[in-house]
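# Structure at a glance
Below are the chains, spelled out letter by letter.
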Amino acid sequence: MFTLHTSTATGRSATLHTAHGDLTTPFFMPCATAGALKGLTFEDHKALGGEILLMNTYHLHLTPGEEIVRQAGGLHTFAGWDRPILTDSGGFQVFSLESLRKISEEGVTFKDHRSGAERFLGPIEAMRIQHALGADIIMCFDECPPSTAPRAEQISAVDRTLRWAKVCKEEHERLKNETNKRNNRNNTNISLYPKDSLDSSLSSGSFHSYPLLFGIVQGGLEKDLRKKCAEELIAIGFDGYAVGGLAVGESEEEMFDVLDTVCPLLPEDKPRYLMGVGELTQIKIAVAKGIDMMDCVAPTREARHGNIWMSDGTKLKIRRAEYATDFSPIDPDSPAPSSRKHSKAYLHHLLKIGERFGETLACLQNLGVTLETVRTLRTKIEES
C-alpha cells in the first residue's frame, strides 16, 4: 500500500495507495472536522491542489451519527468528496474533555460537550464507527496525555495505548472478514465504499477496498517510552504509524527531539504521520526528519483570526490599522488567485466588519501557501 521512491536528507518521496486514489508524499491534510472546511468549499481545496481531507470521528459520531453516514454511502458520498479521507479515532477530543470523562480499561465514558448526554467510546467502538464512516485511512484509539505530563502518567498512557492498539487491530480484522463473508454469501464484489465513489482505476477489484489502519506512538517527551511504544506497535503490525501527543505544550526543540528518536525506529516501507502540526517551519523540519504526512487546523484557524501567511514566509496581522489603506495585492505571488486579485485593504475591511467572504479569502491564502510549501518540498526531494 506504500511505495517508497527515495529517502534523502531533505525527506522521503513515496506513493500511498488508497481506495480513492494515490497520494504522493509528503502531503498535508486540512481539517474538515464535521465533514466541511470552515470558510471553503471542497472545490476550493481541489483548485489549490488539495488531495486529501481529515475528518473527525468524535464530532461525526455525535452528529449526524455514523449510521446516517453509512446509509448515505459513506463519507465520500455524504460530503461530496471523491478523494481520500482520513478519520482520527476521536481519542484526542475525548481525552481533552478532562472534567467530563472517566477512563476504564474498555474505553472512556464521557459527556457530550453540547447536550450533556453520557456517551462511551473505546477501541472497539472507534473501529466500528470509522468502518461505518468509510474512510480510506483510520486511526487506532489511543490515550493521549499532554506531552509535558508527568512520567507516571505517560507510562500508564503508553501501556493502555498498546493494549487498545491490539484490540483495534483485532476488531479491524474482524470487520474486514465480516465484510468478506457477507460479500461471498451474496456473491457480490461490494466493498466498504460504493462503487461509483471509487477512483476508476481502483474499482475493478484489483485493489483492496478496506481502510488502512495506523497505530499511534505515544510517550510524551520520554524517549524510552516512545521507543517502547513504537517497537510494540510495529510488532502488532499496522499499515502506517503516527506520532501523537505533540504540539500540545512542549517546545519546538523538544518536539523535533521526539521525531529524532521515533522516526529511525519506524519501518521504511510504511507511512509516517505527524499529528496536529501545520506551521510552515515545523512542516519543513518534520519532512526533513522523515515525516510523510501531517494535519493541522492552524492554516484556516489563523486565517479566520486575521493572521495571514505569505508566500515569502512572513506573516501579516491584517487587522492592524496600517492595512486599511494598503491597496497592494494580499500576496502577489500567492497560489490562490483571489489573493493576487484583492487588496490588503479589502481583506482588512471584510474581516473588520465580520464579513464571511473575508474569512474565505484569508483561508484560501493560508491553505494555498501551506499546500504550495509542501509541493515545493516534494519537488526538492524528487530532484535531489
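Presented here is a report on the structure given in the accompanying data block.

Calculation rules
Residues numbered from 1 in each chain as written. Predicted model: local features only at pLDDT ≥ 70, side-chain atom pairs only at ≥ 80, totals over all residues. Heavy atoms only, no water. Helix = DSSP H or I, 4+ residues; strand = E, 2+ residues; numbered from the N terminus. Rg over C-alpha atoms; globule rule 2.2 N^0.38 Å. Buried < 20%, exposed > 50% of the residue type's maximum accessible area, 1.4 Å probe, protein only. Contact = heavy atoms within 4.5 Å. Core = buried A, V, L, I, M, F, W, Y, C linked by side-chain atoms within 4.5 Å. 1 Å grid on protein atoms, 1.4 Å probe; cavity = no way out; pocket = protein on both sides within 12 Å on 5 of 7 lines; lining within 4 Å. Points joined across faces, edges and corners; volume = space filled by probe spheres on them. Nonpolar A, V, L, I, M, F, W, Y, C, P; charged D, E, K, R; others polar. Axes fitted to C-alpha atoms, helices over the stretch in contact; angles between N-to-C directions. Parallel < 35°, antiparallel > 145°, perpendicular 65-115°, else oblique. Left-handed = near helix turned anticlockwise from the far one by under 90°.

### Looking at the overall build of the protein chain
Assigned secondary structure in the protein chain consists of 14 helices and 16 strands. In terms of C-alpha radius of gyration, the protein chain reaches 21 Å, essentially the compact-globule figure of 21 Å for 384 residues. In terms of its C-alpha atoms, the protein chain occupies a principal-axis envelope of roughly 65 × 50 × 50 Å. Counting over 384 residues, the protein chain shows a buried share of 53%. Restricting the contact set of the protein chain to residue pairs at least 6 apart, pairs at least 24 apart contribute 64%.

### Examining the nonpolar core
Grouped together as the largest cluster of nonpolar side chains are 85 residues, with contacts concentrated most on Leu233, Leu259 and Leu274. When residues in this core are grouped by element, the largest group, 10 residues, is from helix α14 (residues 356–383). Phe2, Leu16, Leu23 and Ala242 belong to the second-largest nonpolar core, a separate cluster that totals 19 residues.

### Remarks on the layout of surface pockets
Empty space left among the atoms is revealed by rolling a probe the size of a water molecule over them. Space inside the largest pocket adds up to approximately 1,200 Å³. Taken together, 47 residues line the largest pocket, and the ones lying closest to its centre are Phe92, Gln93, Val248, Gly276 and Val297. Partitioning the lining of the largest pocket into residue classes produces 20 nonpolar, 15 polar and 12 charged.

### Here we look at empty space enclosed by the protein
A full pass over the atoms with the stated rule returns 1 cavity of 30 Å³ or more. Counted as a void, the largest cavity has a volume near 70 Å³. Breaking the lining of the largest cavity down by element, the ones donating at least two residues are β4 (27–30) and α14. The element that contributes the greatest number of residues to the lining of the largest cavity is α14, accounting for 4 residues. Grouping the constituent residues of the lining of the largest cavity by class yields 5 nonpolar, 2 polar and 3 charged.

### Some details on the environment of glycine 276
As for its placement among the helices and strands, glycine 276 is situated in the loop between β13 (272–274) and α10 (280–288). For the pair glycine 276 and leucine 246, spaced 30 residues apart in the sequence, the C-alpha separation amounts to 7.3 Å.

### As for the packing of helix α6 (residues 123–133) against helix α7 (residues 151–186)
Look at α6 against α7: their axes get within 8 Å of each other, and the N-to-C directions meet at 40 degrees. The angle between α6 and α7 places the two elements in the oblique class. Handedness of the α6/α7 crossing: right-handed. Residues Pro123, Ile124, Met127, Arg128 and His131 of α6 lie in contact with α7, whose contacting residues are Trp164, Val167, Cys168, Glu171, His172, Arg174, Leu175 and Lys176. Here the contact of α6 with α7 is built from residues that sort into 7 nonpolar, 2 polar and 4 charged.

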